[in-house]
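Descriptive structure summary
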Amino acid sequence: MLSKAVLSLLLTVASVQAIWPIPATIETGNSTLWIGEGLSVTYNGDEVCWFSASKHSCPPDNTMDTNNALPPWQLPWIRNYVASGGPKFSSKEIVKGGVSRAMEAILDDNFVPWKLYPRMELETTEPSLRKHKTYVSCLDITQTGTDTTKTFKPLAGDVDESYNLTLGTDGKAAISAVSSTGVLRGLETFSQLFFKHSEGPIYTTLAPVKISDTPQFDHRGILLDVSRNYLPLDTIYRTIDAMAWNKMNRLHVHATDSQSWPLEIPALLSLHQKGAYAKGKTYSPKDVTAIHMYAIQRGVEVIMEIDTPGHFGVVALSYPDIMTGWGATPWSTYCAEPPCGQIQLNNSKTDPFLDKLMGDLLPRVAPYTAYFHTGGDEVNFNEYNLDPTVRTNDTAVIVPLLQSFIDKHHARVRKAGLVPMVWEEIPASYNVTIGEDVVVQSWLGDAAIKSLTGQGHKVISSNYNYWYLDCGRGQWLNVAEGESFANNWPFNDWCGPTKSWRLVYSYDPRAGLTDKEAKLVLGGEVGAWAETIDEVNLDSILWPRSSAAGEVLWSGRTDAAGLNRTQFDAAPRLAEFRERMLARGVRADPVYMTFCTQGGNASTCSL
């Protein structure tokens, strides 16, 4: 057992290396450097300069273009730079956008770390403004590999996201990476080295810095449910931004469900015209493309999901002939939550409808993603008692129909050049055979993951016991007085307790697996099912708990020595990173009270 003195020393060392997620290797010093508007940035030898109305870092040059005040050979970085591209993306444009965002985070959206110093000691502890200052003068970015189309719409394992970062006491910084995505990860780490002085300037006290970093999992994601409650575009964009800060790289958009259909399908306009909650609460084809492009420019891949054959009820408002169970009562007999409704499995009109739906949507998303999620969870066989084309809940009848449905549906996905994803019930609960390419998303726990990987399936873990962030917040269904009231008091939800960041952080998606099974776990996603989540509370639901999952997926649950990463190491870094998210516009919940962050190390608040 570590002595208190040794533990305190370890915690103090960890707290000054406050990068989130923690890099694979990191060495830091205690020299102070300052950074300002005059930073010179190069990318593979080309200069990346910035300019604004009052200042610019571009040197005078007789080749200056008088229309834009920039030499034509330079790569300008400007605040709020929007990279061009799509569906063909330029590595140079991706990096330019990343440099712009990193410098905005450092110079404009930084924070004074008063919560990280002992009480009333900020002014006496932060660097003196009156001493000689050494500035970070240059940041040289080198991309050693060549991006391909797979870089921007990757399957798991297609992209090398590793990077190396150095910052010398002479003020010279460098990032090297194989891919532009790796450059983005390095720029994010670079931005986290700096703080805002109480009197304004920006500094780091960590020089020299040497970091080598690479992710442990290829799939590091968040599931957003935009069907139960509509989320505005700016909310989705803000979530993508925060994901990029946390080095998360997959946004799973659960686009439709029985409650609403916000997705505009030009070939089937009545779907959103009758299925959306209100006019304007929809996502146009232009919106969908914009979400994909915004994400790609930040190293995030968007995976759309249209859940089938269950969770499809609202389609009954526009195409009732292919639906069964819409409005069925009691709902608890026929579905997981109201309203019910599933696709008729044996109706001759079903395939032409799905052909038209997927024929419209898939070609539009295929240029920007490698996957499409076809759902498949919580199919209620009782509902097929109501289906005039089936008239039974007999597994012997329904499973062959499901097999045919999945075979044809996945063929549509593959025809578009995409890889299908499904929820685990399809192979595990319904015994439906799926292709070797299919990625299975598991939510029912470690035993399910063990079984799926044991059968050779590639798996994404969303274990609800740890990573369902909507859980533990109380029942959202109304309860009548009387017996039901007594039975349901104190009105907990089905999946409590709350998944605190500490519980999220404790989960290892590969725990208990053989080496062969572990290799099939591509990564994981935290879930934010939206029965009680909208744009007002989404930030506080996701952050910083998703950050905890982000570190598990990037850095691994265990360190290089094979030991579990501790809350004592994580809490100070996460508390600091939460302050960065606040400064950048994401309203993340506190990790703990300021008394704890000012205590000097994490043992101040411990059991």
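Presented here is an overview of the structure given in this document. (Residues numbered from 1 in each chain as written. Predicted model: local features only at pLDDT ≥ 70, side-chain atom pairs only at ≥ 80, totals over all residues. Heavy atoms only, no water.)

**So, the side chain of His409**
Tracing the sequence through the fold places His409 in helix α11 (residues 395-415). When its relative accessible area of 1% is taken as the criterion, His409 is described as buried. Every residue in contact with His409, bar those within four places of it in the chain, is listed here: Thr308, Leu354, Met358 and Thr374. (Helix = DSSP H or I, 4+ residues; strand = E, 2+ residues; numbered from the N terminus. Buried < 20%, exposed > 50% of the residue type's maximum accessible area, 1.4 Å probe, protein only. Contact = heavy atoms within 4.5 Å.)

**Observations concerning helix α10 (residues 350-365)**
The end-to-end C-alpha distance of α10 is 22 Å, a good match for the 22 Å that 16 residues give at a rise of 1.5 Å each. The axis of α10 is deflected most strongly, by about 25°, at Met358. Every buried residue belonging to α10 is among Thr350, Phe353, Leu354, Leu357, Met358, Asp360, Leu361, Leu362 and Val365, and all of these are buried. Against the buried residues of α10 lie α7 (270-275), α8 (285-296), β12 (301-306), β14 (342-343), β15 (371-373) and α11. (Expected span 1.5 Å × (residues − 1). Bend = angle between axes of the 7 residues up to and from the residue.)

**Some details on the pairing of strand β19 (residues 521-528)**
Among the eight residues in β19, eight count as buried, and that is most of the element. Both strand β10 (residues 219-225) and β19 contribute to a ladder of six bridges, which runs parallel. What sits directly across from Arg220, in β19, is Gly524. Bridging between strand β18 (residues 458-461) and β19 involves three bridges; their strand directions are parallel. The partner of Ser461 across the bridge, within β19, is Gly524. (Pairing = 2+ DSSP bridges.)

**As for the pattern of salt bridges**
Applying the stated rule across the entire model yields 23 salt bridges. Between Arg228 and Glu531 there is a salt bridge; the shortest N-O distance is 3.2 Å. Placement of Arg228 in the loop between β10 and α6 (233-245) and of Glu531 in the loop between β19 and α18 (538-542) is noted, with a sequence separation of 303 residues between them. When its relative accessible area of 8% is taken as the criterion, Arg228 is described as buried. The closest approach of N and O atoms between Arg573 and Glu551, which form a salt bridge, is 2.6 Å. (Salt bridge = Lys/Arg side-chain N within 4 Å of Asp/Glu carboxyl O.)

**Let's talk about helix α2 (residues 91-107)**
Taking 1.5 Å as the rise per residue, α2 with 17 residues should run 24 Å; its terminal C-alpha atoms sit 24 Å apart, in good agreement. The buried count for α2 comes to 15 of 17 residues, which makes it a mostly enclosed element.

**A short note on the layout of surface pockets**
The calculated volume of the second largest pocket comes to roughly 660 Å³. Elements with a minimum of two residues in the lining of the second largest pocket: α2, α5 (180-191), α6 and α8. Class assignment of the residues belonging to the lining of the second largest pocket gives a composition of 14 nonpolar, five polar and nine charged. (1 Å grid on protein atoms, 1.4 Å probe; cavity = no way out; pocket = protein on both sides within 12 Å on 5 of 7 lines; lining within 4 Å. Points joined across faces, edges and corners; volume = space filled by probe spheres on them. Nonpolar A, V, L, I, M, F, W, Y, C, P; charged D, E, K, R; others polar.)

**With respect to empty space enclosed by the protein**
Enumeration according to the criterion identifies three cavities of 30 Å³ or more in this entry. Taken together, 21 residues line the largest cavity, and the ones lying closest to its centre are Thr151, Pro154, Val159, Thr181 and Gly299. In terms of residues, the lining of the largest cavity owes the most to one element, α5, which gives four residues. Considered class by class, the residues forming the lining of the largest cavity number nine nonpolar, six polar and six charged. Considered as a void within the structure, the second largest cavity measures approximately 80 Å³ in volume.

**Side note on the environment of Ile291**
Structurally, the position occupied by Ile291 is in helix α8. Once the C-alpha coordinates of Ile291 and Tyr237 are considered, the two residues, 54 residues apart in sequence, prove to be 7.2 Å apart. Not counting the four nearest positions on each side in its chain, Ile291 is found in contact with Leu233, Ile236, Tyr237, Ile240 and Val302.

**Remarks on the state of the cysteines**
Here the structure, examined in full by the defined rule, presents three disulfides. In this model Cys335 forms its disulfide with Cys340; the gap between the sulfur atoms is 2.0 Å. Between Cys335 and Cys340 the sulfur-sulfur dihedral comes to about -65°; the bridge is accordingly left-handed. For Cys340, a relative accessible area of 1% translates into the label buried. Bridging Cys596 to Cys605, the disulfide has an S-S length of 2.0 Å. Around the S-S axis, the bridge from Cys596 to Cys605 shows a dihedral of about -90° and counts as left-handed. (Disulfide = S-S within 2.5 Å.)

**A few points about unusual backbone geometry**
At the junction of Trp20 and Pro21, the peptide bond is cis and its omega measures out at -10° in the coordinates. Relative to the elements of secondary structure, Pro21 occurs in the loop between α1 (4-16) and β1 (25-35). Of note, the bond from Pro338 into Pro339 is cis; its omega dihedral lies within 30 degrees of zero at -5°. Positionally, Pro339 belongs in the loop between α9 (331-334) and β14. Of note, the phi angle at His311 is positive, near 55°, even though the residue is not glycine. Within the secondary structure, His311 sits in the loop between β12 and β13 (323-324). Residue His311 is classed as buried on the basis of its relative accessible area, which comes to 11%.

**Focus on the packing of α2 against α5**
Where α2 contacts α5, the two axes come as close as 9 Å, and the packing angle between them is 10°. The orientation of α2 with respect to α5, classified from their angle, is roughly parallel. On the side of α2, the interface is formed by Ser91, Ile94, Val95, Gly98, Val99, Arg101, Ala102, Ala105 and Ile106, while α5 contributes Ser180, Val183, Leu184, Leu187, Phe190 and Ser191. Per-class residue counts for the contact of α2 with α5 are 10 nonpolar, four polar and one charged. (Axes fitted to C-alpha atoms, helices over the stretch in contact; angles between N-to-C directions. Parallel < 35°, antiparallel > 145°, perpendicular 65-115°, else oblique.)

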